[in-house]
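# Structure at a glance
Chain residues, written in single-letter form:
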Amino acid sequence: MAKDLHELLRTLRVWDPEVTELPPFDPQSAPADPLPLFTEWFAQAVAAGEREPHTLTLATVGEDGLPDARVVMLHGADADGWSFASHATSRKGRQLAARPYAALTFYWPVLGRQVRVRGPVSSAPSEEAQADLHARSTGALAAALTGRQSEILASPEELARASRAAWEQARRDPAATSPTWTLYRLRPDEVEFFQGDTARRHTRLTYHRTAGTWSTDLLWP
């Protein structure tokens, strides 16, 4: 099986020119603040046909002091920070309560780009979290109402029963609240923009925040 995996890996290409276009990136023209550049790159990823560009890898530190990561959705990015949501009682919610610092990674292969964001995390007021939840789909509300995220599941049937009840509640009461649903905001101390290059001379521009002021550096690829 390992041999099969290695053979399969050798058949794959990075940034296949049939589906990827590596645009030029001049770091000297980058804005002083990383948010406008992130907004521009996000819009370009959408325009280029990137599938689910709002998905990101969220990295936290577990209760055992070891790294943990999973894919979540971006709920917004503004002067208050990059936003994502989950249950406060979930594994990531407990981890963030114990160590409120995280890292986010966006990867947009259609443009050979990634963005890395690191910083402290805080919770938005409950009313903002509920408003964010109600602005989403009925399915999102049903999933939040199902709850018990990261707990041990006794059987698929148990999940099916709880999910059916949550869907019924979400359709019957679109304003239903999920008390543990939390909107998190990561206020970045560091943001890195990576642009791939066909000659492997990749561009890495990193922003650092010190006393409310951003500075930039280039990094070796």
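Residues numbered from 1 in each chain as written. Predicted model: local features only at pLDDT ≥ 70, side-chain atom pairs only at ≥ 80, totals over all residues. Heavy atoms only, no water.

### Description of the pattern of salt bridges
How we decide: When a carboxyl oxygen of Asp or Glu is within 4 Å of a side-chain nitrogen of Lys or Arg, the pair counts as a salt bridge. Helix and strand labels come from DSSP, where a helix needs a run of H or I of at least four residues and a strand needs a run of E of at least two; each type is numbered from the N terminus. A simple rule labels every residue: compare its accessible area, found with a 1.4 Å probe on the protein chains alone, to the largest value its type can have, and call it buried under 20%, exposed over 50%, or partly exposed in between.
Under the criterion given, the structure shown has nine salt bridges. For the salt bridge of Arg118 with Glu190, the shortest nitrogen-to-oxygen distance reads 3.1 Å. Of this pair, Arg118 sits in strand S6 (residues 113-123) while Glu190 sits in strand S8 (residues 190-195), and the two are 72 residues apart along the sequence. A residue is classified by how much of its surface remains accessible, and Arg118, at 36% relative accessible area, is partly exposed. Residue Arg204 pairs with Glu192 through a salt bridge whose shortest N-O separation is 2.7 Å. Placement of the pair is Arg204 in strand S9 (residues 203-210) and Glu192 in strand S8, with a sequence separation of twelve residues. Among the residues examined, Glu192 registers a relative accessible area of 3% and is labelled buried.

### Some thoughts on a nonpolar patch on the surface
Where we set the bar: The patches described consist of residues with a relative accessible area above 30% and no salt bridge, like charges being joined within 9 Å and nonpolar side chains (Val, Leu, Ile, Met, Phe, Trp, Tyr) within 5 Å. Each accessible area is a Shrake-Rupley estimate made with a 1.4 Å probe; only the visible protein chains count as cover when residues are assessed.
On the surface, Leu5, Leu9 and Leu12 cluster together into a nonpolar patch covering about 300 Å² of accessible area. Assignment of secondary structure puts Leu12 in the loop between helix H1 (2-10) and helix H2 (34-47).

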